[in-house]
Amino acid sequence: MGDAVSESAIHAARELRTTVGRLRRRLKQTYDAEGLTPSQTSVLSRLGKHGPASTSDLAAAEGVRHQSIAATLSALDKRGLIERRADPDDGRRQLVSVSDTGHAFLKDKRRARDEWLARTLHDRYTEGERQAVREALVLLERLTEA
């Protein structure tokens, strides 16, 4: 960054990062992960969002070793949250995907988070404040644009 960054931008960045982190942690606390580890939750969520993947692809995406992802997948498989099938393009590889049970699990957890957030916004903010939050979100969305 060749150009100087304003103090207000530096402070806003720090406060935004801190607040988003706190909100993420709070959202994770709103539902019982039913004994899933953070790694298991991450892999299940990734599969739910991005679709089937090979074990190697998952290990790379999660930044872990093949042995670690294998253990994670084994635990998810035992709970019936994933399913495995042969890759139609390469019969030597298996593709892992979220099972119907896994999709129901993810949907239930998403609903619990959404309900908590909506209830909290309703209880703690006035209508005007909720509108201000919505306006701020439009501005924050620009951060995600390439």
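For the structure, check the block above.
The structure presented is a predicted model; accordingly, all values stated were derived computationally and were not measured.

### Here's the deal with the side chain of Ser-54
Considering the arrangement of structural elements, one finds Ser-54 in strand 1 (residues 53–54). A distance of 3.0 Å separates the side chain of Ser-54 from the backbone nitrogen of Asp-57, its partner in a polar contact. Contacts of Ser-54, omitting those with residues within four sequence positions, involve Arg-93, Gln-94 and Leu-95.

### A closer look at the side chain of Gln-40
With respect to the helices, strands and loops of the structure, Gln-40 is situated in helix 2 (residues 38–50). The contact partners of Gln-40, leaving out residues within four places of it in the chain, are Gly-35, Thr-72, Ala-75 and Leu-76.

### So, the sheet that holds strand 2 (residues 82–87)
Read from one edge to the other, the open sheet built from three strands follows the order 1-3-2, with strand pairing classed as antiparallel. Of all strands in the sheet, those bounded by a partner on one side alone are strand 1 and strand 2. As paired elements, strand 2 and strand 3 (residues 90–98) share six bridges and run antiparallel to each other. Counted as the bridge partner of Asp-87 is Asp-90 from strand 3. Packed on one face of the sheet, helix 2 meets strand 1, strand 2 and strand 3 and runs near 100° to strand 3. In this fold helix 4 (residues 66–78) packs onto strand 2 and strand 3, with an angle of close to 115° to the strand it touches most, strand 2.

### Description of the packing of helix 2 against helix 4
For the pair helix 2 and helix 4, interaxial distance at closest approach is 10 Å and the crossing angle is 80°. As judged from the angle between their axes, helix 2 and helix 4 are roughly perpendicular. Contact with helix 2, carried on its side by Ser-39, Gln-40, Val-43 and Leu-44, involves Ile-69, Thr-72, Leu-73, Ala-75 and Leu-76 of helix 4 and no other residues of that element.

About the cut-offs
Here the residue index of a chain counts from 1 through its sequence in written order. Per-residue local features are limited, in this predicted model, to residues with pLDDT of at least 70; the limit for side-chain atom pairs, both in listing and counting, is 80 or more; totals at the level of whole chains, interfaces and linings are taken over all residues. Side-chain metrics in this entry use all non-hydrogen atoms of the structure; hydrogen atoms and water are not considered. Strands are runs of DSSP state E lasting at least two residues, helices are runs of H or I lasting at least four, and both sets are numbered from the N terminus onward. Polar contact is defined as a pair of N or O atoms within 3.5 Å, subject to the rule that within protein one atom must be able to donate a hydrogen and the other to accept it, and that residues adjacent in sequence are counted only when both atoms are side-chain atoms. A contact between two residues is defined here by any heavy atoms of the two lying within 4.5 Å. We call two strands paired when DSSP finds no fewer than two bridges between them. Whenever a helix is involved, its axis is fitted only over the stretch in contact; in every case the axis is a line through C-alpha atoms, and angles between N-to-C directions fall within 0 to 180 degrees. Roughly parallel refers to an angle under 35 degrees, roughly antiparallel to one over 145, roughly perpendicular to one between 65 and 115, and oblique to any angle outside these ranges.

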